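Analysis of the macromolecular model
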Amino acid sequence: MKLRFQCPKCEAQNDSSNDESDKTIHCNSCSWESSASQSDEYLSCLVCGGRDLWRQKDFPQAIGLSCVAAGAILSLTAWYYYRPILAIGILLTFAALDIILFAVMPDVLVCYRCGARHSGGDISEHPTFDHQVAERYRQEKMRLEEAARTTARSKSASG
Ligand SMILES: [Zn+2]
Ligand SMILES: [Zn+2]
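Residues numbered from 1 in each chain as written. Chains lettered and ligands numbered in written order. Predicted model: local features only at pLDDT ≥ 70, side-chain atom pairs only at ≥ 80, totals over all residues. Heavy atoms only, no water.

1. Focus: the environment of Ile85
Relative to the helices and strands, Ile85 is located in helix H2 (residues 84–104). The spacing of Ile85 and Ser75 is 10 residues in sequence and 9.7 Å in space, taken between C-alpha atoms. (Helix = DSSP H or I, 4+ residues; strand = E, 2+ residues; numbered from the N terminus.)

2. A closer look at the pairing of strand E4 (residues 107–111)
Burial runs high along E4: 5 of the 5 residues are buried. With burial as the criterion, each face of E4 is covered, one bearing Asp107, Leu109 and Cys111 and the other bearing Val108 and Val110. As paired elements, strand E3 (residues 53–57) and E4 share 5 bridges and run antiparallel to each other. Within E4, the residue paired with Lys57 across the bridge is Asp107. Across 3 bridges, E4 lies against strand E5 (residues 117–119) in antiparallel orientation. Its bridge partner lying in E5, Val110 is registered against Arg117. Between E4 and E5, which pair antiparallel in sequence order, lie 5 residues; one of them, Gly115, sits at a positive phi of approximately 80°. (Buried < 20%, exposed > 50% of the residue type's maximum accessible area, 1.4 Å probe, protein only. Pairing = 2+ DSSP bridges.)

So this is what it looks like as structure tokens:
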């Protein structure tokens, strides 16, 4: 199983693959270790223990975009030289390429709370992105930040 996450302590990007015997996740740049309990590895996030994860294609957007851009440029070039059939053919070819790439890409599970990406294993049954859940986590984060600010303020006021 592979995991890509941002360390909650030092914010370094980590790529790790752990086998079944080693269930602890740790940061390569600092001493941070995950304390999230692992009863079922796909029910909760391995980094923060968050219960909600959404499933998406592990498809780098940059590849998809450059694929579309290359298709558009080539097709425009064909239009310029009065080759409309070729232009449409190029567009269709690149569109098909995009679809094929998307289909063969594996799924990843992304944590709503910390954004850690979990890949590998059978996750095809997992629900996809849910705006309501995302909104709940966004508000939770805002509340936590507000609480941290209040604590900092009261500390500086008393000290
Ligand atoms: Zn770290
Ligand atoms: Zn998480």
